[in-house]
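Tertiary structure, described
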Amino acid sequence: MRFAKELALRNMKRKPMRTAALIILAAFLAFSVFAGTMIVMSLQRGLESYQTRLGADIVAVPFEARTKGSLDSILLQGIPGYFYMDSQYYEKIKNTSGVEVATPQFYLALASAGCCSIPVQIIGFEPETDFLIQPWISQSYSGTVGDGDVIVGSDISVPLNHQLRFYDTDCNVVAQLDRTGTGLDTAVYANMNTIKQMMKNAQALGFHNFDGINADKVVSSVMIKVAEGYTIENVANDINIHVRHIEATPAKSMISGIGEGLSNVSGIIGILTVMIWILAIVILMIAFVMIANERTKEFAVLRVVGASRKMLVRILRTESALISVIGAAIGAGAGCLMIFPFTGAMRTRLGLPYLLPPAGVIIGVLIGAIAISVFAGWMTSYISARKIAGNETGLILREDA
Amino acid sequence: MILKAEKITRQYIRQSRNKNVFMAVKETDFTLEGGQLVEITGRSGSGKSTFLNMLAGLLAPSSGHIFVDDTDIYAMEDKERSRFRNLNMGVIPQGQTGLQSLTVLENVLIPCKMYGDEGKEEYARKLLDYVGIGELKNAYPNELSGGELRRMSIARALIQSPKILFADEPTGDLDDENTRSVLRLLRKTADNGCAVLLVTHEREAAEYADKVYRMNDGVLTM
Ligand SMILES: Nc1ncnc2c1ncn2[C@@H]1O[C@H](COP(=O)(O)OP(=O)(O)OP(=O)(O)O)[C@@H](O)[C@H]1O
Ligand SMILES: [Mg+2]
């Protein structure tokens, strides 16, 4: 109704301070709902993608891996690292009972490369036995990864001619992977032949990090899938007892450490979000009710000149709707400004996998956040409007008359 | 249009005096016809405003009925009664009653605009000129004196050319000259066929009225 809108706009204009305060409140509500939900969702998605990436039941690494930067720091935080063990351990692990599949991986760290401003982790896998990397790669690349071929994470910039050079080794980029929100986004994947060639070239170039390592005779880790009928813990224990110098860890315990940290963080953020939410709704409600009380006399006047109860409700609701729509739009906008530019910072700061949901979900949350604060304004105005309209006009008129 | 009150009473509960039930208006019959200007005087607190508000459909009587041409106004739905009041009843309430965020002219136009009637600007200006505050039309209520505000609410009550006009001490804050001009306006409104109920302390008002009642502790007498 035009009259309600006109009156609402005039009221807002004539009381700019009050209007601004209410808009800020509504903005705050929308902001906290949007940003809070976004962070929680991103953390959860990050963890999910990490779990599917890791995908093994047991991870076996040499003892030295514990000091040289552990596997999850390589995979999760993208900190390049390397450690090696004799290939014979791989053979021993493979023959342990209860091991259905075992596949070796080979890690090579690269301090700097032409392609990248950040250190890069190179991960080699054995195409014949690999059950982790290839299924994932197959989502973006259907061919085989031949000698000299590499597949790169989403954060690596690929030149137009698809050629990258690592340690004097020319590589052909055959595919780029989807974003995972983990350190894997800066990783490069190659088959065993390619990565071992890279190490030999690095040694020829005089990199002392790899002194005394015979590339053909070592691997970095062994990823294990446990056969049906065996428990993961027992198989891991078996390996630890029978194969010396290495440490086998159930992958779940690695992830659950992260998962715990993650659910702590997202739990805290979730609780904070809800608290801010309740607080903002309560304040908004008190504010609208106070305003309505302050104006009972004006509403009585409207009744005197022929406004129905419904009309009063509509006038009050129009005003609160205008305020909360404007506020919510500002709040959601501010939420976007905070969430998107700082995604990278969030990831490194939290040290946790952090992956924004797809655009459709983001838009949904955005709309939801706006809808929630508009609804809060609407509800509170409804309460105060009911209160005003419920009183007998003749009684209100007498107040301070 | 004829306004008829049948055996209406109104009681209030007074919290301050041990929850006593207090009869502000005792059982009264009353009739108001088009073309008449009826005056009610009486001491402060005698129940005049209570009585007027009941007749105007703003305060439900504790018992009894009020009819306008055979329609019981308190039997109507709120929406219906509101629109009825908007079209047929002008009310000048006691006290200050401007909407702070609207100008004087806009305040006068509220009754029309509220139901989407946009064509009354010219008439509103004429009414404001008539009550002597034409040059204040773009001012806001907080910039007006008590008497000017009272005249604004008179113009607002007349904008829809009502069939019944309720005026609760419309000359309360006015000087002699303005009092006379308002009384003349009310008389003229009655002469044009409107039924006018005037609650006032003004001695002079009797000269303009067709009937004068007196309210005494909730009892209405001639
Ligand atoms: N809401 C209320 N609750 C309790 N008592 C009330 C209420 N409204 C009015 N009264 C009492 O009813 C009586 C009549 O009030 P009313 O306003 O009708 O008087 P009045 O004749 O209009 O007085 P005045 O000339 O001062 O305007 C007064 O004694 C008043 O105290
Ligand atoms: Mg009175």
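Here the structure is shown first, and the text comes after it.
Bear in mind that the values here come from a model prediction, so they are computed numbers and not experimental data.

Brief notes about the packing of aromatic side chains
All names here are of chain A. For the structure shown, the criterion picks out four aromatic pairs over all chains. Relative to Phe 106, the ring of Tyr 84 lies with its centre 5.2 Å away and its plane at 45°, an arrangement referred to as tilted. Of this pair, Tyr 84 sits in the loop between helix H3 (71-75) and strand S2 (85-86) while Phe 106 sits in strand S3 (residues 99-110); the two residues are 22 residues apart in sequence, bridging distant segments of the chain. Considered together, Tyr 84 and Phe 106 belong to a single accessibility category, that of buried residues.

Observations concerning the environment of B:Ser63
Residues and elements named next belong to chain B. Structurally, the position occupied by Ser 63 is in strand S4 (residues 63-68). Residue Ser 63 is classed as partly exposed on the basis of its relative accessible area of 32%. Taking the C-alpha atoms as reference points, Ser 63 and Ile 8, separated by 55 residues in sequence, lie 5.4 Å from one another. Not counting residues up to four positions away in its chain, the partners in contact with Ser 63 are Lys 7, Ile 8 and Thr 9. In terms of polar contacts, Ser 63 uses its side chain to reach the side chain of Thr 9, at 2.7 Å.

Comments concerning the site of ligand 1
Taken together, the neighbourhood of ligand 1 is formed by 17 residues, with B:Ser44, B:Gly45, B:Lys48, B:Ser49 and B:Thr50 sitting nearest. Within the side chain of B:Ser49, a nitrogen or oxygen atom sits 2.7 Å from an oxygen atom of ligand 1. One of the side-chain N or O atoms of B:Thr50 is found 2.6 Å from an oxygen atom in ligand 1. Computed on the free molecule, ligand 1 has an accessible area of 630 Å², of which 78% lies beneath the protein chains in the complex. Of all the secondary structure elements, the ones that give two or more residues to the shell around ligand 1 are helix H13 (393-398) of chain A together with strand S1 (2-14), strand S2 (20-33) and helix H1 (48-55) of chain B.

What about the pattern of salt bridges?
For the structure on display, the rule yields 16 salt bridges over all chains. Here A:Arg10 ties to B:Glu106 by a salt bridge, and the two come within 2.5 Å at their closest N and O atoms. Of this pair, A:Arg10 sits in helix H1 (residues 2-14) while B:Glu106 is found in helix H3 (residues 104-113), placing the two residues in two different chains. Accessibility expressed as a relative area gives 18% for A:Arg10, which makes it buried. A relative accessible area of 26% means that B:Glu106 is categorised as partly exposed. Salt bridges sharing common partners tie together A:Arg165, A:Asp168 and A:Asp170.

Side note on the sheet that holds strand S11 (residues 246-250) of chain A
Residues and elements named next belong to chain A. One open sheet holds the nine strands; their spatial order is S6-S7-S5-S8-S4-S3-S10-S1-S11, and the pairing between them is mixed. Of all strands in the sheet, those with a lone pairing partner are strand S6 (163-166) and S11, marking the two edges. Sheet twist, expressed as the mean angle between neighbouring strand axes with direction ignored, is 30°. Where strand S1 (residues 58-62) and S11 come together, five bridges link them in antiparallel fashion. Considered in S11, the bridge of Val 61 is made with Glu 247. Running at roughly 155° to S3, helix H4 (residues 87-94) makes contact with S1, S3, strand S10 (221-226) and S11 of the sheet. This element, helix H7 (residues 232-242), spans S1, S3, S10 and S11 of the sheet and lies at about 175° to S11.

Focus on the layout of surface pockets
All names here are of chain B. Within this model, the second largest pocket holds a volume of roughly 320 Å³. Forming the boundary of the second largest pocket are 13 residues, of which Tyr 123, Leu 127, Leu 158, Thr 189 and Asn 192 lie nearest the centre. Contributions of two or more residues to the lining of the second largest pocket are made by helix H4 (121-130) and helix H6 (176-191). No other element matches the four residues that H4 contributes to the lining of the second largest pocket. Here the residues of the lining of the second largest pocket are counted per class, giving seven nonpolar, four polar and two charged.

Side note on the interface of chain A and chain B
Each side of the interface is counted separately: chain A has 27 residues, and chain B has 34 residues. Each partner contributes to the roughly 2600 Å² buried at the junction of chain A and chain B, and carbon and sulfur atoms together form 57% of this total. Inspection of the region where chain A meets chain B yields two salt bridges. Between chain A and chain B we count 12 residue pairs in polar contact (both at pLDDT 80 or more) in total. When contributions to the side of chain A that touches chain B are tallied by element, the ones reaching two or more residues are H1, helix H9 (296-304), helix H10 (309-339) and H13 of chain A. Sort the elements by how many residues they give to the side of chain A that touches chain B and H1(A) lands first, with seven residues. Classifying every residue of the side of chain A that touches chain B by side-chain character gives 12 nonpolar, five polar and 10 charged.

Conventions used here
- As a convention, each chain's residues are numbered from 1 in the sequence order in which they are written.
- Each chain takes a letter, starting from A, and each ligand takes a number, starting from 1, following the order in which they are written.
- Per-residue local features of the predicted model are confined to residues with pLDDT of at least 70, and side-chain atom pairs are confined, for both listing and counting, to 80 or more; whole-chain, interface and lining totals are unaffected and use all residues.
- Side-chain numbers come from the whole structure's heavy atoms, not from hydrogens or water.
- Pairs were defined over the aromatic rings of Phe, Tyr and Trp, the Trp ring being its six-membered one, requiring ring centres within 6.5 Å. Orientation was assigned from the angle between planes: stacked under 30 degrees, edge-to-face over 60, tilted for the rest.
- Segments assigned H or I by DSSP are reported as helices when at least four residues long, segments assigned E as strands when at least two residues long, and all are numbered from the N terminus.
- Burial here depends on accessible area, computed with a 1.4 Å probe over protein chains only, as a share of the maximum for the residue type. Under 20% is buried, over 50% is exposed, and the range in between is partly exposed.
- Contacts are assigned to residue pairs with any non-hydrogen atoms lying within 4.5 Å of each other.
- The term polar contact refers here to a pair of N or O atoms within 3.5 Å; inside protein, the definition further demands a hydrogen-donor-capable atom paired with an acceptor-capable atom, and it admits residues adjacent in sequence only when both atoms are side-chain atoms.
- Throughout, near means a residue has at least one heavy atom within 4 Å of the molecule or strand.
- Each accessible area is a Shrake-Rupley result for a 1.4 Å probe, and residues are judged covered by the shown protein chains and nothing else.
- Here, a salt bridge means any side-chain nitrogen of Lys or Arg that lies within 4 Å of a carboxyl oxygen of Asp or Glu.
- DSSP bridges decide pairing: two strands pair if at least two such bridges lie between them.
- Axis lines are fitted through C-alpha atoms, for helices just across the contact stretch, and the angle between N-to-C directions can take any value from 0 to 180 degrees.
- Put plainly, a pocket is an open set of points on a 1 Å grid over the protein atoms alone with protein on both sides within 12 Å along at least five of seven lines, a cavity is a set where a 1.4 Å probe fits but cannot get out, and a lining residue has an atom within 4 Å of a point.
- Grid points are joined across faces, edges and corners, and a volume is the space filled by probe spheres set on the points.
- All amino acids are sorted into three groups, where Ala, Val, Leu, Ile, Met, Phe, Trp, Tyr, Cys and Pro are nonpolar, Asp, Glu, Lys and Arg are charged, and the leftover types, Gly among them, are polar.
- For any pair of parts, buried area is found by adding up, for both, the accessible area (1.4 Å probe) each one loses once the two are put together.

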